[in-house]
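Coordinates in review
Here's the letter readout for the chains.
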Amino acid sequence: FAEVSSIMCDAAVMRIEEVPERRSFIAELNAIQSATRLMLANLKEYKSYMPQHLVADGVSDDGTELSNASAMSRSHSRLDRSQSSFGSSGSQGSDKSSGRRIPLRPSMSIFALQLSTRKVSIAALNIVGFTGLARSKDDKEVLGIHGSLALWLTNEVSALRGIVDTFSGDRFFVTFNASKMLMSHRPAAGRLGCTFPSECKEMGLTASAGLASGEAKVGNMGCATMRKFSFVSSLVPFVYALERHAADMGLTTLVDPLVQQECQRDILFRRAGLLKLRKFKDTPVPVFEALKMIEGGESDEWMYELEAAEKQNPYKEWDALMEAVMRADWESACGLLNAATGEGRLAEAVRAAVSQQEYEVPDSSRYH
C-alpha cells in the first residue's frame with residue numbers, strides 16, 4: 001500500500017515512471033496494481049502530446065506545489081502500514097509535518113476536451129530574407145543564427161507570459177492569453193512587436209511583424225493520435241496579412257486598432273494607411289506601425305517623458321497627411337506632403353497617391 005501511495009503522489013505531479021510488477025497473495029492488491037499500471041500508461045500517452053508548460057500549470061497553482069508534492073511523494077515511500085491510506089484518520093492526502101494537503105488531485109480543467117471563447121492577442125513574426133541568407137552561408141552558421149534568435153525569442157515571450165505557439169523556419173507564431181491567462185495581453189504583444197525587430201537588427205537581420213487582438217475559440221483540438229492546445233480565429237489570416245504587408249512596404253511591425261489604442265501610452269506609433277481585410281468584410285481598416293517603446297523610470301518622471309514625447313512627436317505631420325489621404329482630402333494632403341520624406345515604399349505610395357489624387361487601398365487577399 002505504501003508503494004501504491006507513493007506512485008499516486010508521483011502521478012499527481014505528472015511524473016510517470018515504470019511500475020515494477022509484483023504479485024501479491026492478496027487478490028485485491030493485485031487488482032489495484034493492475035489498475036494503477038493501466039492508469040499510468042494512459043497518463044503517459046496523454047502527457048506525450050500535451051505542451052509541457054500546460055502540464056506544469058495544471059499541477060501547480062503557486063509555483064511551489066510541484067516541489068512540495070515531489071517531497072511528499074518521497075515521504076510516502078517511507079510510510080508503514082499504520083500511516084497508509086487505510087491507516088489512522090488524518091493521514092489521507094495530508095502531510096502532518098507541514099500541515100499542507102497533498103495535491104492528490106491536480107487541476108485538470110485546462111486538459112478538458114472542449115473549446116472556450118477568450119480574448120487573445122497574437123503575433124506573426126518573420127525574418128525577412130532569411131531563405132536567401134541560408135543559401136549563402138554555411139549550415140552551422142545558419143543554425144547558429146536561427147538558434148540564437150529562437151533562444152532569445154522563447155526567453156522574451158516567456159518573460160511576457162506568452163507562448164511561442166509554433167514556428168516554421170524563419171516564421172514564428174506567438175500567442176498571449178490563449179493557453180496562459182494574461183489580462184494585459186495587448187501590451188505584452190505590443191512590446192514584443194518592438195523588441196523582436198530590434199533584436200533582429202542587432203543580429204544583422206531584418207524583421208517584419210503583424211499584431212492583432214480579438215476573440216478566439218481556444219482549447220484542446222485534434223484527434224486521439226494528434227492533439228494540441230490550439231485556437232480558431234479570423235485573427236490568424238489577419239496577422240499574417242499584416243506581417244506580409246509590413247514586409248512589402250518595408251516596415252517593421254503593423255498592428256490593428258485594438259492593439260494601438262491600448263498601447264499608445266507605451267509605444268510610439270505612426271499611421272500606415274488602410275488595409276482591406278476579409279475579417280471585416282473587406283471594409284478598409286486603419287493600421288499602424290509600431291516604432292519604439294516609450295521607456296520611463298519612476299511614475300512622475302514617466303509622465304513627464306510621455307508628455308514631452310507627445311509634444312515632440314516627429315510623426316504628427318505624417319499622421320495628419322495619412323488622415324488627409326485616407327479621407328481623400330487632396331488639398332490638405334498637398335499642404336502636408338513635405339511629411340512624406342524618405343525613400344521608403346510607404347512614402348513613395350503616399351506621394352504617388354497625392355500626385356494622382358487617388359488612394360488605392362491594399363487588399364489583404366493577395367497575401368492568402
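Reference entry: report on the structure contained in this document. None of the values given here were measured: they were computed from a predicted structure.

1. Considerations on the side chain of S208
With respect to the element layout, S208 can be found in strand 4 (residues 206-223). A distance of 2.5 Å separates the side chain of S208 from the side chain of E243, its partner in a polar contact. Setting aside its immediate chain neighbours within four residues, S208 contacts A124, L125, N126, V128, E243, A246, A247, L251 and T252.

2. Structural notes on the nonpolar core
Counting 37 residues, the largest nonpolar core has W318, L321, V325 and V350 as the members making the most contacts within it. Once residues within four sequence positions are removed from consideration, V325 is found in contact with W330, A333, V350, A353, V354 and Y359. Counting 34 residues, the second largest nonpolar core, distinct from the first, contains L153, F172, L205 and A290.

3. Topic: the packing of aromatic side chains
One pass over the full model with this rule turns up four aromatic pairs. Consider the rings of F173 and F231, whose centres lie 6.0 Å apart with planes at 20°: the pair is stacked. A residue pair is termed long-range when its members are at least 10 positions apart, and F173 in strand 3 (residues 171-176) and F231 in strand 5 (residues 226-232) qualify at 58 residues. Centre to centre, the rings of F173 and Y240 are 5.7 Å apart; their planes meet at 20°, and the pair counts as stacked. Here F173 is found in strand 3, whereas its partner Y240 is found in helix 8 (residues 235-248), with 67 residues between them in sequence. Its relative accessible area of 6% is what places F173 among the buried residues. Of the aromatic side chains, those joined through ring pairs into one cluster are F173, F231 and Y240. Here the guanidinium or amino end of R270 rests over the ring plane of W318, the centre of that ring lying 4.8 Å away.

4. Quick notes on the packing of helix 6 (residues 139-159) against helix 7 (residues 185-202)
Helix 7 packs onto helix 6 with a crossing angle of 160° between their chain directions and a minimal axis gap of 11 Å. Between helix 6 and helix 7, the interaxial angle falls into the category roughly antiparallel. In this structure, helix 6 crosses over helix 7, and the sense of that crossing is right-handed. Contact residues: helix 6 offers L149, W152, L153, E156 and V157, while helix 7 offers R191, L192, T195, F196, E199 and C200. Among the residues forming the contact of helix 6 with helix 7, the class breakdown is seven nonpolar, one polar and three charged.

5. Concerning the side chain of T195
The residue T195 is located in helix 7 in this model. Within the structure, the side chain of T195 is placed 3.2 Å from the side chain of E156, a separation counted as a polar contact. With residues near it in sequence (within four places) discarded, T195 still touches W152 and E156.

6. Brief notes about helix 11 (residues 316-326)
By the burial criterion, the buried members of helix 11 are W318, D319, L321, M322, A324 and V325. Along its buried surface, helix 11 packs onto strand 7 (267-277), helix 12 (330-335) and helix 13 (345-356). Looking one or two residues past helix 11, A328 carries a phi angle of roughly 60°, positive in sign.

7. A look at the environment of C200
Its place among the elements puts C200 in helix 7. Counting along the chain gives 51 residues from C200 to L149, while the straight-line C-alpha distance between them is 7.5 Å. Aside from chain neighbours lying at most four places away, what touches C200 is L149, L205 and A207.

8. Looking at the pairing of strand 3
Burial analysis of strand 3 places five of its six residues in the buried class, the great majority of the element. Two elements, strand 1 (residues 115-128) and strand 3, share six bridges in a ladder whose sense is antiparallel. Looking at the pairing, S121 lines up with F176 of strand 3. Note: strand 2 (residues 163-168) against strand 3, five bridges, orientation antiparallel. Of the residues in strand 3, the one forming a bridge with F167 is F172. The antiparallel pairing of strand 2 with strand 3 creates a hairpin that spans two residues between the two strands, and G169 there sits at a positive phi of about 65°.

9. Here's the deal with the pattern of salt bridges
This structure, assessed with the given rule, holds eight salt bridges. With a shortest N-O distance of 3.2 Å, E262 and R186 are connected by a salt bridge. Taken as a pair, E262 in helix 9 (residues 257-263) and R186 in helix 7 lie far apart in primary sequence, 76 residues in all. For E262, a relative accessible area of 36% corresponds to the partly exposed category. Where R244 meets E243, a salt bridge forms, and the shortest distance between an N and an O atom there is 3.1 Å. With a relative accessible area of 24%, R244 lands in the partly exposed category. Given the relative accessible area of 1%, E243 is considered buried. One network of salt bridges, with partners in common, ties together R171, E243 and R244.

10. Brief notes about the environment of N220
Mapped onto the elements, N220 comes out in strand 4. A residue is classified by how much of its surface remains accessible, and N220, at 8% relative accessible area, is buried. The sequence separation of N220 and L115 amounts to 105 residues, and the corresponding C-alpha distance is 7.0 Å.

Cut-offs and rules
- Residues numbered from 1 in each chain as written.
- Predicted model: local features only at pLDDT ≥ 70, side-chain atom pairs only at ≥ 80, totals over all residues.
- Heavy atoms only, no water.
- Helix = DSSP H or I, 4+ residues; strand = E, 2+ residues; numbered from the N terminus.
- Polar contact = N/O pair within 3.5 Å; in protein donor to acceptor, adjacent residues only side chain to side chain.
- Contact = heavy atoms within 4.5 Å.
- Core = buried A, V, L, I, M, F, W, Y, C linked by side-chain atoms within 4.5 Å.
- Buried < 20%, exposed > 50% of the residue type's maximum accessible area, 1.4 Å probe, protein only.
- Phe/Tyr/Trp six-rings, centres within 6.5 Å; stacked < 30°, edge-to-face > 60°.
- Lys NZ or Arg CZ within 6 Å of the ring centre and 35° of its normal.
- Axes fitted to C-alpha atoms, helices over the stretch in contact; angles between N-to-C directions.
- Parallel < 35°, antiparallel > 145°, perpendicular 65-115°, else oblique.
- Left-handed = near helix turned anticlockwise from the far one by under 90°.
- Nonpolar A, V, L, I, M, F, W, Y, C, P; charged D, E, K, R; others polar.
- Pairing = 2+ DSSP bridges.
- Salt bridge = Lys/Arg side-chain N within 4 Å of Asp/Glu carboxyl O.

Geometric descriptors of this kind do not, in isolation, establish any biological role.
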